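# Fold and contact review
Listed here are the chains, written in short residue letters.
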Amino acid sequence: MENKELKRVIQFGEGNFLRGFVDDFLYELKEKNLFNGDVVVVQPIKQGMCDVLEKQDCNYNLYLRGIENGQVVNEHKFIDIISHCINPYISFEEYLDLANDKNFRFIVSNTTESGIVVNEDDKFEDKPASSFPGKLTQLLYKRYENNLPGFIVLSCELIDNNGLELKKCVNKYIELWELEEGFKRWIDTENDFCSTLVDRIVTGYPKDEAELKKLEAEIGYKDLCLDTAEIFHQWVIEGNYESELPLQEAGFNVIWTDDVSPYKKRKVRILNGAHTSMVLGARLYGLSTVRECLEDETINKFLRKCIFKEIIPAIGGSDEDLKFGNAVIERFSNPFIEHQLLSIALNSVSKFDVRVLPTILEYREKFGYYPAGLSFSMAALIKFYKTNEANDSEEVMKFMAENSVEDILKNRDLWHSDLIELIPIVQKYYDMINENGIEKAFEYVIEEEVI
Ligand SMILES: NC(=O)c1ccc[n+]([C@@H]2O[C@H](COP(=O)([O-])OP(=O)(O)OC[C@H]3O[C@@H](n4cnc5c(N)ncnc54)[C@H](O)[C@@H]3O)[C@@H](O)[C@H]2O)c1
Ligand SMILES: O=P(O)(O)OC[C@@H](O)[C@@H](O)[C@H](O)[C@H](O)CO
């Protein structure tokens, strides 16, 4: 099918992920004549990369590498789908002007887990409102005033019900700013806030000097927006806009569905849960990248124990779960990408709360005892936060550095659950790490079955 109608995209976020995922898909759609449009990037916060992107005409190189169907794939693309960038902190009128162009049909966003929030101090008159949903509400209001059709909004943030949460924030701004009922109705009837689940390991700008030099030599110049990622991708979207955005027809692993939640649970608990439960201990053990972890016998065994003996049995253990678990091992073993443990370790406390802790509690509920590997990873997390490699909010880092295992586990603001029962188990592993060293502690927990 040829799709010639002009359909433009407003993209909130200029980060590595969107450029290595959505922009890659749109670029390919256009190459295949399935999409006639472009992307305008809006920088969601004051500090960002938009000026850097603009300096290189918004074009950049993307490397996708891995093994596909047993074959080594190393794809290099020159992505030129972004027409321009707007920094609403500098050019607010230009930003609002986007609402006047009827050809904009899609909005995509990835503003991290912190982006979909309401700031009650924001004013409608602010140029711009501080939060992403505040800025979006300002744009949508202008669109409504212009009596133009609404948007299909595709949220990519890794939070539950991202589309719904974004819409809730917009509604909250309507209330705060006392905007009229008609606008609220227009939001409901003319716009679709789709929740989506994204999956691709995007390693971004190469952190390894030798790799960077090699890629730069291939490209022939210094690309400050150079992006790297794995080949694997999956985008599960609530809704069905295949006729307007023929992602499946273009061959992408895209699922249009009416419920994203089972896909999300599987991905967050297995893939992200495996990352978060492995990286802190592995870092204490002295490794730097995910690939190194897979090559190390001890960490490899630990990872497999967490995935196959603990996470998958806790979440259901279906064939799909098992297939996904095996795919995760393969993806983590990707010899072509260097995924830094320290970049995964960023903000690990909140990640642990969402990606690992629910599995520990579900496992306890289902089997009557706590899973050894995942409980151990909580001890490793606490130990890691006592080192100067921890990177989190100031408040979290101070609390984690100054408190005991017991006080940390009793903090309901961090864990949102009662973890009293878990204290002796985590304390045992924490003491073991301190007394015998991380290597011996790993060796012990790998063999342990029941706690
Ligand atoms: N890198 C991956 O492999 C991967 C894969 C799937 C999902 N993700 C998710 O994507 C998110 C971004 O990852 P990235 O690699 O693009 O990071 P990045 O640092 O390159 O980009 C972060 C983007 O988020 C925006 N942002 C940051 N804080 C914000 C805030 N408070 N409000 C609004 N916008 C804000 C920035 O402006 C920037 O556009 C992560 O939170 C991650 O959970 C990443
Ligand atoms: O991106 P983060 O920092 O939220 O989490 C680190 C990784 O677990 C994550 O980036 C995965 O690689 C990604 O979610 C795969 O789709």
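Residues numbered from 1 in each chain as written. Chains lettered and ligands numbered in written order. Predicted model: local features only at pLDDT ≥ 70, side-chain atom pairs only at ≥ 80, totals over all residues. Heavy atoms only, no water.

## Focus: the sheet that holds strand S3 (residues 60–68)
The three strands lie next to each other as S4-S3-S9, forming an open sheet whose pairing is mixed. This sheet does not close on itself; its edge strands, each paired only once, are strand S4 (71–79) and strand S9 (227–230). Recorded for the sheet is a direction-independent mean angle of 15° between the axes of neighbouring strands. Relative to S9, S3 runs parallel, the two being bridged by four bridges. Each residue of the ladder has a partner; that of Tyr63, found in S9, is Thr228. Packing of helix H2 (residues 22–31) onto the sheet brings it into contact with S3 and S4, and relative to S4 it is tilted by some 80°. (Pairing = 2+ DSSP bridges. Helix = DSSP H or I, 4+ residues; strand = E, 2+ residues; numbered from the N terminus. Axes fitted to C-alpha atoms, helices over the stretch in contact; angles between N-to-C directions. Contact = heavy atoms within 4.5 Å.)

## What to know about the layout of surface pockets
To find leftover empty space, a probe the size of one water molecule is rolled over the atoms. The space that makes up the second largest pocket amounts to roughly 330 Å³. Lining the second largest pocket are 13 residues, with Ile67, Glu68, Phe232, Glu330 and Arg331 positioned closest to its centre. Among the secondary structure elements, those contributing two or more residues to the lining of the second largest pocket are S3 and helix H12 (319–332). With four residues, S3 is the single largest residue contributor to the lining of the second largest pocket. The class makeup of the residues in the lining of the second largest pocket is four nonpolar, four polar and five charged. Here the lining of the second largest pocket gathers at least three residues from each of two domains, domain 1 (8–259) and domain 2 (262–447). (1 Å grid on protein atoms, 1.4 Å probe; cavity = no way out; pocket = protein on both sides within 12 Å on 5 of 7 lines; lining within 4 Å. Points joined across faces, edges and corners; volume = space filled by probe spheres on them. Nonpolar A, V, L, I, M, F, W, Y, C, P; charged D, E, K, R; others polar. Domains from an automatic or database assignment.)

## Structural notes on the site of ligand 2
What surrounds ligand 2 is a group of 13 residues, the closest being Asp199, Lys267, His275, Lys351 and Arg355. Here Arg200 contributes a backbone N or O atom positioned 3.0 Å from an oxygen atom of ligand 2. Between ligand 2 and the protein, one listed contact pairs an oxygen atom with a side-chain N or O atom of Arg355 at 2.8 Å. Only helix H9 (261–284) and helix H14 (348–355) provide two or more residues apiece to the shell around ligand 2. Tallying contributions element by element places H9 first for the shell around ligand 2, with four residues. If you count residues domain by domain, the shell around ligand 2 takes at least three from each of domain 1 (8–259) and domain 2 (262–447). (Near = heavy atom within 4 Å. Polar contact = N/O pair within 3.5 Å; in protein donor to acceptor, adjacent residues only side chain to side chain.)

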